[in-house]
Amino acid sequence: MKVICWKLCITILPLIFLAGVPLAPALAGVKGAYLYRLSDFTGAIPYSTPRVTVDKERKETYVLYQNSISVFNESGMEVYRFGDDLDLGQILDIALDGHGNPLILSYRSIDPEKGEIEIIRCNFRGEPTGKIVLKNLPAGFSDFQPNRISCSGGTLYLANLSRLKIVLTDSDGNFRKGYDLIPLLGLKESDRGDTEIGGFSLQDDGSILFTIPVRFSAHRLYPDGKLASFGKPGGAPGKFNVVSGIVADSKGNYLVVDKLKSTVMVFDQGFNYLNQFGYRGLKGGGLIAPDDIAIDKGDRVYVTQNGKRGVSVFGLTYN
Amino acid sequence: MKGLKIGLAIAAVALLTIGTGGAAFAFHSGGVAECSGCHNMHSPAAGGSSLLVGTDPSSACLTCHSHAGDTGPSSYHIATADADMPAGTAPKQRTPGGDFGWVKKTYNFTLRGTPTTETGDSHGHNIVAADFGFTTDGTNTTAPGGTFVSAQLGCQSCHDPHSKQRRLTDGSIVSTGAPIVASGSYDSSIGNSAAKPIPAGQAVGVYRLLAGNGYTKGAASYTGVPAAVAPATYNRTEATTQTRVAYGVATGTGKVTWSNWCGTCHGDMHSTGNYVHPVDTAMSTAIKNNYNAYVSSGIMTGSASTAYLSLAPFAENTGDYTVLGGHAKNDNTQLGGPGDGDQVACISCHRAHATAFPEMVRWQSEGEFITAVKADGTTPVWPNNTDTPTSNFARGRATEAEQAAGYYDRPATVFGAYQRVLCNKCHAKD
């Protein structure tokens, strides 16, 4: 019996190393089924890496592309468009305030050091109703210039992707909390210029999800400041080539976009790889250099792509 | 049974070991990067090559080197995403090589009553990166002055992604020997200052992983790497201070001068054996004096200590990286003009990737003036459709910011009104 067991282990071990595939609850049933691409009445809209965000309450999807913000209904059809001039500045990102009103992050200068970042409150028509000014930023964040915005429970979550800093404020822009990810990730200050955040989103409990492509890693920053990390470089399913967007579904699974592999990988709450969907290709559910990702309450997944492939929508199903 | 438990324990340890990889740091680190950043052993692009995942090599590069959502110059990004370039706005990156986004910016305007188009493909090297919307040069089927096929042009035509070229402690550049431990491109890199020599038994990578001796792509066969050092923060606006890349002149095994390197593909444009503008040639005393005295059109009161202009750089007559490292600054502390033996090179007038202007020149050379005045008749302004709508020099740029982007955001007041083309920085004919 001993001999058999040792032989078994000796046989299995090399296979584990060679395959590089996580053993864990692999292929537990989460699947992404391709549904459609976001469209107008002329067909799928040929965006290249737009920003996408979802108004979960109103089941609407907002897409930002070349300073124009389009609103799509639950069927993926464009129903409204605004911001397509430069009156609102150059729009970087959009969030919803919980009441269906857009919060627009924009700037008016090529030089973010000049402090011309603006957060513009709009009504549901996209008409400006006011501005939010960041206030009481402490030392270390006084020059903070965000290029991502999210909103949940009256808190604004702002990120500067290239500086690896995140600031939380109240709905009026008053500073609540700030994170400098460089020390949190165990990096040196000299790494700041060579490292950036790829994807950035919120989980329902206020956790911040983000990826660091050059470190082949994905992270969950809990509201108490605890950081959990996962990801390993590699080509096998479940390993990371160049990761980008990240979101969590209604079950708490993590969906991580891999730009290079052109897939969306699904991990369970314990960061165990479950499955992937997408794959490089022009047909149906194929993806070309996917980047951003958003998810609605019904676990419909919106994936932006490059190469004028627009935004593909997938439905998650669970066994 | 006990054996099985021990075996499983070993397997568990093995799995944990696999799962605790180290940090990636700067990814390239002066040489070949982590394989998984570009290749996929198990699911490469169908019909592709080399187990690459991108549709083509340049698409693989841009997966990291382009990113939607930048507010401005951002680290190692060298191509502004389509999503960030609405009409009337400029690409956002300000690397010394230039933003490839410019090749997607086509301008239509009326010039002296004639509808005119300034095509995007005239603005730079038209790399083919299908996933990112970069297509083959629509004008040139081969490299101007050479036979390199335009349809084959990609990042890998000039950069060696697996570069084995290394600079050793003695300054020699070879493809084998001591291991490459880090980039050698920056003023902060080891080997680029007397205070931080390359440790014995180690080497640094060559400037920007540029193709070196023995590297061949299509009709291009390189014979060496040119010398340069960049400031560690190089992708930045020059609204207040200039970014000085210290280009050098290095010769010997594994090294070439800058224009000879460009001439690998553009051989007939090199002045050796061809009646064209001289390159790889020491600036004459008259030219040096012009450069050092030139401030702006008609103003010749400058001095050699502050004459440097990143819109018209030159190659210093040295292959000493500690000298170059000391000159590669972004804070205006190193603005010395050309000295004896310093050379004019292709990069004196062109950026390597792309610019806002035709023929990838560093300034608008399709006319006599590069600045104008606002309606008040005196305030200098970069020509644009808003402030100078009747100017022949706006050339379709919607706003001053869009035009200024081509000059890395300098205010027009740096030169003043009615500044003429920057050929005059050396030739002072204005």
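Refer to the structure printed above.
Because the structure is predicted, anything quoted here is derived from the model rather than measured.

K.L.:
Could you clarify how one ought to interpret the layout of surface pockets in this entry?
P.N.:
Here the idea is plain: a probe the size of a water molecule rolls over the atoms and shows the empty space left. All names here are of chain A. In this structure, the second largest pocket spans a volume of roughly 950 Å³. Lining the second largest pocket are 47 residues; nearest its centre among them are Val-54, Lys-56, Cys-151, Leu-202 and Ile-295. Looking at the lining of the second largest pocket, the elements that each hand over two or more residues are β4 (51-55), β8 (90-96), β12 (148-152), β16 (200-202), β20 (243-248) and β24 (293-295). Considered class by class, the residues forming the lining of the second largest pocket number 17 nonpolar, 15 polar and 15 charged.

K.L.:
Explain the nonpolar core here, please?
P.N.:
Judged by nonpolar contacts, the single largest core of 53 residues is most densely connected at Ile-166, Leu-181, Ile-197, Phe-200, Ile-208 and Phe-210 of chain A together with Trp-258 of chain B. When residues no more than four places from it in sequence are discounted, the contact partners of Ile-208 of chain A are Tyr-157, Ile-166, Leu-168, Tyr-179, Phe-200, Ser-201, Leu-202, His-219, Arg-220 and Leu-221 of chain A. Judged by nonpolar contacts, the second largest core, of 41 residues, contains Leu-311, Val-344, Trp-363 and Val-421 of chain B.

K.L.:
In this structure, what is going on with empty space enclosed by the protein? I would like to understand it.
P.N.:
Using the criterion set out here, one finds 8 cavities of 30 Å³ or more in the structure. Contributing to the lining of the largest cavity are 18 residues, with Leu-64, Ile-91 and Leu-92 of chain A together with Ala-83 and Asp-84 of chain B lying nearest its centre. Going through the elements one at a time, β5 (60-65) and β8 of chain A are the ones with two or more residues in the lining of the largest cavity. If you tally residues by element for the lining of the largest cavity, the top one is β8 of chain A, at 3 residues.

K.L.:
Quick question: what am I supposed to make of the sheet that holds strand β6 (residues 203-205) of chain B here?
P.N.:
Within a sheet, neighbouring strands are paired by backbone hydrogen bonds and run either parallel or antiparallel to one another. All names here are of chain B. In spatial order, the strands read β4-β3-β6-β5; together these 4 strands make up an open sheet with mixed pairing. Strands at the two margins of the open sheet, each flanked by one partner only, are β4 (173-174) and β5 (180-182). Across 2 bridges, the pairing between strand β3 (residues 166-167) and β6 is antiparallel. Counted as the bridge partner of Arg-167 is Val-204 from β6.

K.L.:
In this structure, what is going on with the environment of His-99 of chain A? I would like to understand it.
P.N.:
In this fold, His-99 of chain A is placed in the loop between β8 and β9 (102-107). Spatially, the C-alpha atoms of His-99 of chain A and Asn-67 of chain A are 23 Å apart, while their sequence positions differ by 32 residues.

K.L.:
Help me understand the pattern of salt bridges in this model?
P.N.:
Scanning all chains against the criterion turns up 23 salt bridges over all chains. Residue Glu-57 of chain A pairs with Lys-297 of chain A through a salt bridge whose shortest N-O separation is 3.4 Å. Highlighted residues: Glu-57 of chain A in the loop between β4 and β5 and Lys-297 of chain A in the loop between β24 and β25 (300-304), separated in sequence by 240 residues. The shortest N-O distance in the salt bridge between Arg-395 of chain B and Glu-118 of chain B comes to 3.1 Å.

What counts as what
Residues numbered from 1 in each chain as written. Chains lettered and ligands numbered in written order. Predicted model: local features only at pLDDT ≥ 70, side-chain atom pairs only at ≥ 80, totals over all residues. Heavy atoms only, no water. 1 Å grid on protein atoms, 1.4 Å probe; cavity = no way out; pocket = protein on both sides within 12 Å on 5 of 7 lines; lining within 4 Å. Points joined across faces, edges and corners; volume = space filled by probe spheres on them. Helix = DSSP H or I, 4+ residues; strand = E, 2+ residues; numbered from the N terminus. Nonpolar A, V, L, I, M, F, W, Y, C, P; charged D, E, K, R; others polar. Core = buried A, V, L, I, M, F, W, Y, C linked by side-chain atoms within 4.5 Å. Buried < 20%, exposed > 50% of the residue type's maximum accessible area, 1.4 Å probe, protein only. Contact = heavy atoms within 4.5 Å. Pairing = 2+ DSSP bridges. Salt bridge = Lys/Arg side-chain N within 4 Å of Asp/Glu carboxyl O.

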